Amino acid sequence: MATPGVGAACLAPSAAAAPRRRAADPARACSARPRLSLVRRRCVAELSREGPASRPLHSPAQQLAPPVVPGFLAPAPQAPPTLPDAGVGDLGPELLLEGIVEDSVDRTVIVASEQDSEIIDSKEQFPAKVTRSIVFVTGEAAPYAKSGGLGDVCGSLPIALAARGHRVMVVMPRYLNGSSDKNYAKAFYTGKHIKIPCFGGSHEVTFFHEYRDSVDWVFVDHPSYHRPGSLYGDNFGAFGDNQFRYTLLCYAACEAPLILELGGYIYGQNCMFVVNDWHASLVPVLLASKYRPYGVYRDSRSTLVIHNLAHQGVEPANTYPDLGLPPEWYGALEWVFPEWARRHALDKGEAVNFLKGAVVTADRIVTVSQGYSWEVTTAEGGQGLNELLSSRKSVLNGIVNGIDINDWNPTTDTCLPYHYSVDDLSGKAKCKAELQKELGLPVRADVPLIGFIGRLDYQKGIDLIKMAIPDLMREDVQFVMLGSGDPIFEGWMRSTESSYKEKFRGWVGFSVPVSHRITAGCDILLMPSRFEPCGLNQLYAMQYGTIPVVHATGGLRDTVETFNPFGKKGEEGTGWAFSPLTVDKMLWALRTATSTYREHKPSWEGLMKRGMSKDHTWDHAAEQYEQIFEWAFVDQPYVM
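Small disclaimer: the values here were computed from a predicted structure and weren't measured.

Visitor: Would you mind going over empty space enclosed by the protein with me for this structure?
Guide: Where empty space is left becomes clear once a probe the size of a water molecule has been rolled over the atoms. Going through the model one piece at a time under the given rule, you end up with three cavities of 30 Å³ or more. Taken as a whole, the largest cavity holds about 40 Å³ of empty space. Looking at the largest cavity, the residues that line it are Y175, L176, N177, Y225, R227, G229, S230, L231, F239 and R245. Considered class by class, the residues forming the lining of the largest cavity number five nonpolar, three polar and two charged.

In structure tokens:
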């Protein structure tokens, strides 16, 4: 038997009794007020309104929640009328239809919207046409926790949207592993805790909050997030309870806009949930199965952002009852492996797939580049979900990621020994000389310095670099690699360095300052990725006047324009994108780039300046996300 319903779903007599939502009016969809009835008296959990949980806190400084201070532009929120503390069984069907506290809640939401508008005016920013309450749900966000591009996106895009006038919340786990605990030093306990019924028990989570860069950073705290290792695993592999950990995150994210008074006001029900990758993919399923049938979140929408389709959150089918979802919703997450992928003859291949559930139920789907939005609909790039994603092409779009120019700016980068700009490139040559000195390579301005930064694994095309190095080292070039991953490739980097002491350097590991210095000091950045949903290193390279040579796939094809000396308006392009992915094609692109560097200096300088002049900022991407949100609110939300 499935776990009993939770949240608003446990309050109504049956799903059939829930009123159906009327047809969406596009004019009303963007301005509809969220309405919250008495059913919020009991939500996912036995919500404690009396202070800290019985579980001890992690530090004495966090034992008191910060006082709720109303905004200076708005009056203090009115306290709701005192209601009897009725249990779930005491709320009859007639009470569900009476809007006892609807009026006061509506006024609260309107005041918050007016306050946001005033703040925008005071900062002289350029607001969006329609401002919204946006809730990002993610497994990581920089600078709090990061393992890759997902952390960069969720650490920067919310700030860009907040700068445009939206009210933005980011919900993520509060990872404590001993080394990154200081990242949450400014986050305070909110005084709110809930109990989530799933996985055969009732699991208590608490909420911490930090307001930074006009964004509400909300951290879900639970003992399963407190362990040594990385975010998702340790030296022994992925954590065996990751499904449990991110199920808690999804439930908590659905409750946070309804119960957390951030800045004196809750976010309410009229939210746009932006769910990132499989870690957050249960959110749209919960909205459709446990909230909307009972009148909660009827005016909310959800957007699934796919950063890497290779990771889908697939677990055995017998774990479905642990998720606390209604039995009839099993089909949304149902996944069957093809026969060739099964372990033995008796294996039926049945599983549950978190990401598939979001693909089915999300209102809009976004990939992190336009090229990747097409690739995921093909058999080669769809990772088994290509047919389903093809069926949802009408709501599938691609938006290229941006970069944080506060961290990646050659005119201000504190990691660089010299600064430079598109108007004065002299500092780049000095950065190259300093990098050659640091690496112990001959200091030569005439030799092209090629760089690689990334994971040492099959996806990044390291095997092609390994096969090409003997031919490449016969030419007058220098090559530096920074990264870690497959021990076999790490060992190969060390041995290659000893074989080509005057031309090759391999830095096993990762260092942020070193990555900045390599990006600035190299002439060429090589990215022969087999697939790359977006890619950020090629954007960093162009920002720093380093010419990218990339495999024409996903976001690499979208962002790198192959050099054309005979364009309609003269020379065009920002680098070289080669295809197909073969050693010969990669060597051809590199040789073309190195010969251009040596023999056509004006053309090379034009390549550098065109790349540095591109708009790689997050504000450009944020404007495109706003359009996606507009389309989502025009359509009706998903209802089974």
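Visitor: What is the right way to look at the side chain of N353 in this model?
Guide: By secondary structure assignment, the location of N353 is in strand β12 (residues 350-353). At a separation of 3.0 Å, a polar atom in the side chain of N353 contacts the main-chain amide nitrogen of L355. Residues contacting N353, with those up to four places away along its chain left out, are Q312, G313, V314, L333 and W335.

Visitor: Hey, could you run me through the environment of T562 in this one?
Guide: Relative to the helices and strands, T562 is located in the loop between α16 (554-559) and β20 (564-567). Residue T562 is classed as partly exposed on the basis of its relative accessible area of 36%. Residues T562 and L607, 45 residues apart in the sequence, show an inter-C-alpha distance of 9.9 Å. If near-sequence neighbours (up to four positions away) are discounted, T562 is found in contact with E572, G573, G575, W576 and A577. A distance of 3.1 Å separates a polar atom in the side chain of T562 from the backbone nitrogen of A577.

Visitor: For this particular structure, what's the right way to read the sheet that holds strand β15 (residues 449-453)?
Guide: The strands that make up a sheet are held in pairs by hydrogen bonds between backbone atoms, and each pair lies either parallel or antiparallel. If you trace the six strands from one edge of the open sheet to the other, you get β17-β16-β15-β18-β19-β22, paired in parallel fashion. The sheet is open, and its two borders are formed by β17 (504-508) and β22 (576-578), each paired with just one other strand. If you compare each strand with its neighbour and ignore which way they point, the axes differ by 15° on average. Direction of pairing for β15 relative to strand β16 (residues 478-483): parallel, over a ladder of five bridges. Note that in β16 the partner of L449 across the bridge is Q478. Docked against the sheet, helix α17 (residues 583-599) engages β15, β18 (524-527), β19 (547-551) and β22, running at close to 165° with respect to β22.

Definitions and limits used
Residues numbered from 1 in each chain as written. Predicted model: local features only at pLDDT ≥ 70, side-chain atom pairs only at ≥ 80, totals over all residues. Heavy atoms only, no water. 1 Å grid on protein atoms, 1.4 Å probe; cavity = no way out; pocket = protein on both sides within 12 Å on 5 of 7 lines; lining within 4 Å. Points joined across faces, edges and corners; volume = space filled by probe spheres on them. Nonpolar A, V, L, I, M, F, W, Y, C, P; charged D, E, K, R; others polar. Helix = DSSP H or I, 4+ residues; strand = E, 2+ residues; numbered from the N terminus. Polar contact = N/O pair within 3.5 Å; in protein donor to acceptor, adjacent residues only side chain to side chain. Contact = heavy atoms within 4.5 Å. Buried < 20%, exposed > 50% of the residue type's maximum accessible area, 1.4 Å probe, protein only. Pairing = 2+ DSSP bridges. Axes fitted to C-alpha atoms, helices over the stretch in contact; angles between N-to-C directions.

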